[in-house]
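Working through the structure, step by step
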Amino acid sequence: MKLHWQILVALILAVIAGHLSGTDAALFGIRFLDVFNFLGTLFMNALKMLIVPLIMSSIITGVAGISDGSALGRLGGKTLLYYLSTSLLAVLVGLLMVNIMTPGLVDGEPAREIISFMGETDTATIAERVQGRGAGDVVDIFIRMIPANIVEAAAQGKMLGLIFFSLLFGYFMTRIDGTQAQTLKDFWQGMFDVMMKITDWVMMFAPIGVFALVAKVVATTGFAAFQPLMVFFFTVLGALAIHFLIVLPLLLRLLGGVNPLRHFKAMTPALLTAFSTASSSATLPITMDCVERRAGVSNQTTSFVLPLGATVNMDGTALYECVAAMFIAQAYGLELTFATQFTVVLVALLTSIGVAGIPAASLVAITIILTAIGLPVEAVGLILAVDRVLDMCRTSVNVFSDSCGAVLIARIEGERGILEEQPVNQPG
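Residues numbered from 1 in each chain as written. Predicted model: local features only at pLDDT ≥ 70, side-chain atom pairs only at ≥ 80, totals over all residues. Heavy atoms only, no water.

Details of the overall build of the protein chain
- Of the regular secondary structure elements, the protein chain holds 19 helices and four strands.
- Of all 428 residues assigned to the protein chain, the portion counted as buried reaches 55%.
- Restricting the contact set of the protein chain to residue pairs at least 6 apart, pairs at least 24 apart contribute 83%. (Helix = DSSP H or I, 4+ residues; strand = E, 2+ residues; numbered from the N terminus. Buried < 20%, exposed > 50% of the residue type's maximum accessible area, 1.4 Å probe, protein only. Contact = heavy atoms within 4.5 Å.)

Pasting the structure below:
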């Protein structure tokens, strides 16, 4: 049985088990609630264990790959500018939607007690931590980006500094010559490959983790917890829809003179594959085929833009991370300052670059954002209940943004034969 079906079954069983057990049911003197809490804590600890090595290895290998050879040329500059711009637009759309919809509030009150997040529940303590990390002007954010001690920054979860160091390390790793450069590349690529294997292994236990986390919530609060969760779900869907149906088509039309409807039609096979697999990396071969043979972009442009996009361009993921972090902050009743919201935007943008194109990788990125602004990472537990469906949707947005980038860059480079000049349904 595939992972998403296992998680769905686990979710259904969790609702039933939590409802039947309540907070007092026990077996051999052991309360079911304590068992749920134990298993949920193990799963969350496993996710947190991945953060530092995964984010460092993914960013360093990604930046090192971008910095090789012609990738720093004219085509690379335009590609990176497009990816950063669309990811920023996606994050801002998400920030706007979550501030309008306020999914973390129920009848104007924070949903923390209703949702019953795991771990810390002292709002005053959390608010003090958030203010300590987000107060002041935006200059403080950039000061925290350059850590005095990188080991201390990793140990204390100062992810802004860790991300900045990883970006610098990946770039300058390609500026040295000889065997040292290749040794470093091999080391970090090996580290990244190992972390992907460990991530896959941890995600094998996701159904158990989802079962425990959701069963604990249902046992403690009943079904009321799912009201704000559904508002969060539709807030994310609405924001993804705006970016997918309005922002990206406008870019196609205004910057490239491309008919968005024809591009949607050309990309249908890739979008369906992305939705079903929830993996932009797994969809990459079909995306390249659609962009080349159905949208008419040259192989030279496609072979550079799309593989890079599958690694660093995660519009939907960045949007989701921003909404999730803001939802949790609202649920705790925190009034986030402009500087703190700027931190959310910045870290969502940077971590979306470092997140691998595999299912559920954004869960790790969300914990990074929560750590960066001082919120307890355990609060990500309930989001797991709806993460799979949202993962499928945001992966489709990621893939569509990649394809739009390939078409726009081809147009800017003066290529002919793109959508408005040749039929969509070519043979093959």
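What follows picks up the thread again.
Structural notes on the side chain of Thr273
- Of note, Thr273 is situated in helix H13 (residues 268-277).
- By relative accessible area, which is 18% here, Thr273 ends up buried.
- Setting aside its immediate chain neighbours within four residues, Thr273 contacts Ala278, Thr283 and Ile286.

What about a nonpolar patch on the surface?
- Taken together, the side chains of Val9, Ile12, Leu13, Ile16 and Leu20 present a nonpolar region at the surface, about 470 Å² in accessible area.
- Among the secondary structure elements, Ile16 is positioned in helix H1 (residues 3-21).
- Since its relative accessible area comes to 44%, Ile16 is described here as partly exposed. (Patch = residues over 30% accessible without salt bridge, like charges linked within 9 Å, V, L, I, M, F, W, Y side chains within 5 Å. Areas by Shrake-Rupley, 256 points an atom, 1.4 Å probe, with all protein chains shown as cover. Salt bridge = Lys/Arg side-chain N within 4 Å of Asp/Glu carboxyl O.)

A short note on helix H9 (residues 179-204)
- Look at H9: 38 Å from first C-alpha to last across 26 residues, which is about the 38 Å you get at 1.5 Å a residue.
- Taken residue by residue, H9 has Ala181, Trp188, Phe192, Met195, Met196, Thr199, Val202 and Met203 as its buried positions. (Expected span 1.5 Å × (residues − 1).)

Focus: the nonpolar core
- In this structure, Phe232, Ile328, Leu370, Leu375, Ile383 and Phe400 are the most contacted members of the largest nonpolar core, which totals 106 residues.
- Looking at which element gives the most residues to this core, the answer is helix H2 (residues 32-66), with 13 residues.
- Setting aside residues no more than four positions away along its own chain, Leu370 makes contact with Ala325, Ile328, Leu375, Pro376, Val377 and Val380.
- Counting seven residues, the second largest nonpolar core, distinct from the first, contains Ala14, Val15, Phe36 and Ala215. (Core = buried A, V, L, I, M, F, W, Y, C linked by side-chain atoms within 4.5 Å.)

Brief notes about the pattern of salt bridges
- Using the criterion set out here, one finds three salt bridges in the structure.
- The partner of Arg293 in a salt bridge is Asp289, with the nearest N and O atoms 3.9 Å apart. With Arg293 and Asp289 both in helix H14 (residues 280-294), this residue pair falls four residues apart, about one helical turn.
- Since its relative accessible area comes to 38%, Arg293 is described here as partly exposed.
- The partly exposed category is assigned to Asp289, whose relative accessible area is 31%.

Re unusual backbone geometry
- Residue Thr102 is not a glycine yet carries a positive backbone phi of 40°.
- Of note, Thr102 is situated in the loop between helix H3 (74-101) and strand E3 (105-106).
- Exposure remark for Thr102: the relative accessible area of 26% places this residue in the partly exposed category.

Considerations on the packing of aromatic side chains
- Counted under the stated rule, the structure contains 13 aromatic pairs.
- For the ring pair Phe169 and Trp188, a centre distance of 5.8 Å and an interplane angle of 70° mean the geometry is edge-to-face. Taken together, the residues Phe169 in helix H8 (residues 159-173) and Trp188 in helix H9 connect sequence positions 19 residues apart.
- Using a relative accessible area of 26% as the deciding quantity, one classes Phe169 as partly exposed. (Phe/Tyr/Trp six-rings, centres within 6.5 Å; stacked < 30°, edge-to-face > 60°.)

Details of the side chain of Ser166
- Considering the arrangement of structural elements, one finds Ser166 in helix H8.
- In this structure Ser166 comes out as buried when scored by relative accessible area, which is 1%.
- Leave out the neighbours within four places in its chain, and Ser166 touches Met56, Ile59 and Ile60.

As for helix H16 (residues 315-331)
- Here H16 contains 17 residues, and its C-alpha end-to-end distance of 24 Å stays within 8% of the 24 Å for a straight helix at 1.5 Å per residue.
- In terms of burial, H16 is largely enclosed, as 17 of its 17 residues are buried.
- Where H16 terminates, the next one or two residues include Gly333, which has phi positive at roughly 75°.

A closer look at the environment of Phe342
- Inspection of the secondary structure assignment puts Phe342 in helix H17 (residues 338-354).
- For the pair formed by Phe342 and Leu95, sequence separation is 247 residues and the distance between their alpha carbons is 10.0 Å.

Looking at the environment of Asp315
- Its location among the elements puts Asp315 in helix H16.
- Using a relative accessible area of 0% as the deciding quantity, one classes Asp315 as buried.
- Placed 71 residues apart in sequence, Asp315 and Phe244 show a C-alpha to C-alpha distance of 9.6 Å.
- In contact with Asp315, other than residues within four places in its own chain, are Tyr83, Thr86, Ser87, Ala90, His243, Leu248, Val397, Asn398 and Ser401.
- There is a polar contact of 3.0 Å between the side chain of Asp315 and the side chain of Ser87. (Polar contact = N/O pair within 3.5 Å; in protein donor to acceptor, adjacent residues only side chain to side chain.)

Examining the confidence of the model for the protein chain
- For the protein chain, the mean per-residue pLDDT works out to 76, and 76% of the residues sit at or above 70.
- Predicted confidence in the protein chain is weakest over helix H5 (residues 123-134), with a mean pLDDT of 50, and strongest over helix H12 (residues 260-266), with 91.
- Across residues 132-138, confidence stays below pLDDT 50; counting only partners more than four residues off in sequence or on other chains, it has 17 contacts.
- Overall, residues 421-428 carries pLDDT values under 50, and its contacts beyond four positions in sequence, including any with other chains, amount to 16 contacts. (pLDDT = per-residue confidence, 0-100.)

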